[in-house]
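Survey of secondary and tertiary structure
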Amino acid sequence: MAVSYWLMKTEPGTYSIDDLAADPDQTTCWEGVRNYQARNLLRDEIHEGDRVLFYHSACAQPAVVGTAKVVRGGYPDHHAWDKRSKYFDAKSTPENPRWFMVDIRLEKVFDAPVKLADLRGQAALKDMELLRKGSRLSVQPVRKKEFDVILKLAKNQA
DNA sequence: GCCAACGTTGGC
DNA sequence: GCCAACGTTGGC
C-alpha cells in the first residue's frame, strides 16, 4: 500500500508535540475527532506507515512543529462510549461505533517550527488545504509534494 | 476578544 | 428539504 500524507491539528495548550515526545514510546491515539469528514479519513484512508505533519493551531504561533508516523490505522474511538470522557457520545457504541482514531508515533520535532506565515509565502503550497480560507478540518490530506516542501523548509531554517 | 467560515441542529 | 439559529474553529 502506498504511503499517504496527512496533517493533524492540535491546540498546544491541550496537547503539544512536547506532550507526544513525553508519552510512552512517544506514541498516542488521536482521539476526540468529532467531525464526519475527518472521521471518514481516520476510518477509511489513514493507514499504518502513513506520514503526518504535526500542526499547532489556535495559539500564538500556528505552525507545523514536527512529523509523526501512523503506527495503527483507523479503529473505533472508545472514548465515545466512556461516560467520563469529554469525548463521550451516546450515539456511538462498541457494536456500532460512530467515531474513529489512529495511533501515531513521533518521528521528528523540527528544530524550528515552520510557521503558518512562512507556508503562505510558498508558491508550491498555494493549493494546500491548510491555507484555504475557512479551512477547519483537523485531519486533512497533504500532497507528497507539499509534505516534502515543508520538510525542506524545516531543514533550511533550522 | 473579535469575527469570518463552517458544521450541526431542529422547527417547519 | 429548507434555512435560521447556534456552536465551534482558529487566525489575527
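Everything numeric in this text was worked out from a predicted model, so none of it was measured.

**What to know about the UniProt feature "domain: EVE" (unreviewed entry) in chain A**
Residues annotated by UniProt as "domain: EVE" (unreviewed entry) correspond here to residues 4–153. The distance separating the terminal C-alpha atoms of residues 4–153 is 20 Å; by composition the span is 21% helix and 33% strand.

**Describing the side chain of Q140**
Looking at the element boundaries, Q140 is found in strand 6 (residues 139–142). From its side chain, Q140 meets the backbone nitrogen of L130 in a polar contact 2.9 Å long. Setting aside its immediate chain neighbours within four residues, Q140 contacts Y5, W6, L7, K9, L41, E129, L130 and S135.

**A look at the pairing of strand 1 (residues 5–10)**
Within strand 1, 6 of the 6 residues are buried, which leaves the element mostly enclosed by the surrounding structure. Burial along strand 1 is two-sided: the face carrying Y5, L7 and K9 and the face carrying W6, M8 and T10 are both buried. Pairing analysis gives 4 bridges linking strand 1 to strand 6, with the strands arranged antiparallel. What sits directly across from M8, in strand 6, is V139.

**Section: helix 2 (residues 36–45)**
Of the positions making up helix 2, those classed as buried are A38, R39, L41 and L42. All buried residues of helix 2 lie within an arc of 160° about the axis, which places them on one face of the element. As for helix 2, its buried residues are in contact with strand 1, strand 4 (63–76), strand 5 (100–115) and strand 6. N-capping of helix 2 is provided by N35, with a side-chain oxygen placed 3.0 Å from the backbone N of Q37.

**Some thoughts on the packing of aromatic side chains**
Applying the stated rule across the entire model yields 4 aromatic pairs. Geometrically, the ring pair formed by Y15 and W30 is edge-to-face, given 6.3 Å between the ring centres and 80° between the ring planes. A residue pair is termed long-range when its members are at least 10 positions apart, and Y15 in the loop between strand 1 and helix 1 (17–22) and W30 in the loop between strand 2 (27–29) and helix 2 qualify at 15 residues. Its relative accessible area of 16% is what places Y15 among the buried residues. Ring centres of Y36 and W99 lie 4.8 Å apart, and the angle between their planes is 35°; on these two criteria the pair is classed as tilted. Note that Y36 is positioned in helix 2 and W99 in the loop between strand 4 and strand 5, a separation of 63 residues in sequence. Every member of this aromatic cluster is reached through a ring pair, and the members are Y15, W30 and F54.

Conventions and cut-offs
Residues numbered from 1 in each chain as written. Chains lettered and ligands numbered in written order. Predicted model: local features only at pLDDT ≥ 70, side-chain atom pairs only at ≥ 80, totals over all residues. Heavy atoms only, no water. UniProt positions renumbered as here; feature names shortened; annotations may be inferred. Helix = DSSP H or I, 4+ residues; strand = E, 2+ residues; numbered from the N terminus. Polar contact = N/O pair within 3.5 Å; in protein donor to acceptor, adjacent residues only side chain to side chain. Contact = heavy atoms within 4.5 Å. Buried < 20%, exposed > 50% of the residue type's maximum accessible area, 1.4 Å probe, protein only. Pairing = 2+ DSSP bridges. Arc of directions from axis to C-beta. Phe/Tyr/Trp six-rings, centres within 6.5 Å; stacked < 30°, edge-to-face > 60°.

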